[in-house]
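Listed below, chain by chain, are the residues.
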Amino acid sequence: MIYKRKHKIWVLTIAIVLALTVNIYEYANKWYDGKNELELKLAAYTAERLYLDIKYPDNNASNIEYIVGDYGREFFERWELLSEMYSEIPYPREAIAQEEWDVVDSFYTRTYRIIGSIDRKLAENFTPEEADFMGSPLYTYLTIGWLNEEYREELGVIDEDVYKYIR
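For clarity, every value in this text was computed on a predicted model and none was experimentally measured. Just so you know, the residues in each chain are numbered from 1, in the order the chain's sequence is written. In view of the model being predicted, local features appear only for residues whose pLDDT reaches at least 70, and side-chain atom pairs are presented and counted only at 80 or more, with totals across whole chains, interfaces and linings using the full set of residues. Think of the side-chain values as coming from all heavy atoms in the structure, minus any hydrogens and water.

By definition here, a salt bridge exists when the distance from a side-chain nitrogen of Lys or Arg to a carboxyl oxygen of Asp or Glu is within 4 Å. Scanning all chains against the criterion turns up four salt bridges. Salt-bridge contacts for glutamate 37 lead to lysine 41; the nearest nitrogen and oxygen are separated by 3.4 Å. With glutamate 37 and lysine 41 both in helix α1 (residues 2-49) and four residues apart, the pair spans about one turn of that helix. A salt bridge links aspartate 105 to arginine 49; the nearest nitrogen and oxygen atoms lie 2.7 Å apart. Of the two residues, aspartate 105 sits in helix α4 (residues 101-123) while arginine 49 sits in helix α1, which places them 56 residues apart along the sequence. Every helix listed is a DSSP run of H or I at least four residues long, and every strand listed is a run of E at least two residues long, numbered separately from the N terminus.

Turning our attention to the confidence of the model for the protein. Looking at the protein, pLDDT values average 79 and 72% of them are 70 or higher. The weakest mean pLDDT in the protein belongs to helix α8 (residues 159-163) at 57; the strongest belongs to helix α3 (residues 93-97) at 94. Note: pLDDT gives the predictor's confidence per residue, expressed from 0 to 100.

A word on the packing of helix α2 (residues 70-85) against α4. To get an axis, fit a line to the C-alpha atoms, keeping to the stretch in contact for a helix; angles then go from 0 to 180 degrees between the N-to-C directions. Between α2 and α4, the shortest axis-to-axis distance is 13 Å and the interhelical angle comes to 50°. As the angle between them shows, α2 and α4 are arranged oblique. For the pair α2 and α4, the sense of crossing is left-handed. Facing Phe75, Phe76, Trp79 and Leu82 of α2, the residues of α4 in contact are Trp101, Val104, Phe107, Tyr108, Thr111 and Ile115. In this classification, the charged set is Asp, Glu, Lys and Arg, the nonpolar set is Ala, Val, Leu, Ile, Met, Phe, Trp, Tyr, Cys and Pro, and all remaining amino acids, among them Gly, are polar. Counted by class, the contact of α2 with α4 contains nine nonpolar, one polar and no charged residues. Angular relationships are summarised with four words: roughly parallel below 35 degrees, roughly antiparallel beyond 145, roughly perpendicular across 65 to 115, and oblique for the angles in between. Definitions for this section: a left-handed crossing has its near helix turned counterclockwise from the far helix by less than a right angle. A right-handed crossing has that turn clockwise. The contact definition used throughout considers only heavy atoms, calling two residues in contact when any of these lie within 4.5 Å.

Each residue is assigned to one of three classes by its accessible area relative to the maximum for its type, calculated with a 1.4 Å probe on protein chains only: buried under 20%, partly exposed between the two thresholds, exposed over 50%. Within helix α6 (residues 137-144), burial applies to Pro137, Leu138, Tyr141, Leu142 and Thr143. Once α6 ends, the next one or two residues include glycine 145, with phi positive near 85°.

Before going further, it helps to spend a moment on unusual backbone geometry. Although it is not a glycine, tyrosine 51 adopts a positive phi angle of roughly 55°. Topologically, tyrosine 51 is positioned in the loop between α1 and β1 (53-55). For tyrosine 51, a relative accessible area of 27% gives the class partly exposed. Notably, glutamate 99 is not glycine yet its phi reads approximately 55°, a positive angle. Here glutamate 99 shows up in the loop between α3 and α4.

Our next topic: the packing of aromatic side chains. Pairs were defined over the aromatic rings of Phe, Tyr and Trp, the Trp ring being its six-membered one, requiring ring centres within 6.5 Å. Orientation was assigned from the angle between planes: stacked under 30 degrees, edge-to-face over 60, tilted for the rest. As enumerated under the stated definition, the model contains eleven aromatic pairs in all. Ring centres of tryptophan 79 and tyrosine 91 lie 5.7 Å apart, and the angle between their planes is 85°; this geometry places the pair in the edge-to-face category. With tryptophan 79 in helix α2 and tyrosine 91 in the loop between α2 and α3, this pair connects stretches of sequence that are twelve residues apart. Residue classification places tyrosine 91 among the buried positions, given a relative accessible area of 16%.

Here the focus is the packing of α2 against α6. Each pair of packed helices can be described by the angle between their axes along with the distance between the axes. Close contact between α2 and α6 brings their axes to 7 Å; oriented N to C, the two are set at 145°. Residue-level inspection shows Tyr71, Phe75, Arg78, Trp79, Leu81 and Leu82 of α2 in contact with α6, the latter providing Leu138, Tyr141, Leu142, Thr143 and Ile144. Classifying every residue of the contact of α2 with α6 by side-chain character gives nine nonpolar, one polar and one charged.

This brings us to α2. If you check α2, its first and last C-alpha atoms are 23 Å apart, about what 16 residues at 1.5 Å a residue would give, namely 22 Å. Every buried residue of α2 is listed here: Gly72, Glu74, Phe75, Phe76, Arg78, Trp79, Leu81, Leu82 and Ser83. Here the expected span of a helix is defined as 1.5 Å times the quantity of residues minus one.

Here we take up the nonpolar core. In these notes, a set of buried Ala, Val, Leu, Ile, Met, Phe, Trp, Tyr and Cys residues joined through side-chain atoms within 4.5 Å is what counts as a nonpolar core. Formed by 28 residues in total, the largest nonpolar core has its most connected members in Leu50, Phe76, Trp79, Trp101 and Val104. Breaking this core down by element, the ones donating at least two residues are α1, α2, α3, α4 and α6. If you tally residues by element for this core, the top one is α4, at six residues. Look past the residues within four positions of valine 104 in its chain and what remains in contact with it is Leu50, Phe76, Trp79, Pro92, Ala95 and Ile96.

Laid out in structure tokens, this is it:
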């Protein structure tokens, strides 16, 4: 009788430990999948912002490869040109060379804010209607390579710099 009672307690204990282990394992898998999915989305966002192509060899976020295509190279050239024109615009030359895209993305966030303030300063030289029509010319130039003629003169950008990026 005592043997059966001890046996039942051991079986119950093993069942509880096994159930807890399975639950912990499933919780850890869900946590990892959620973290991996978040990293995949963040990688896609970074690639989109920096005009990079992205290669997913599998569903593991740590295996993602960023590829700098033609449009990405042109984007980085325009960014470098703007940083040469405006010393306050940072250009992450080393991070780009070492392909540290998270670092480059944080530089881009700062660059976006700085370009906004420069655009506001430049807009002071134009009438409100002209400034409103032009929007954010430096950001437009950085992202798609187009720059309004009035701003080209103001910035000293030659037509070759602009037409180089128009497809």
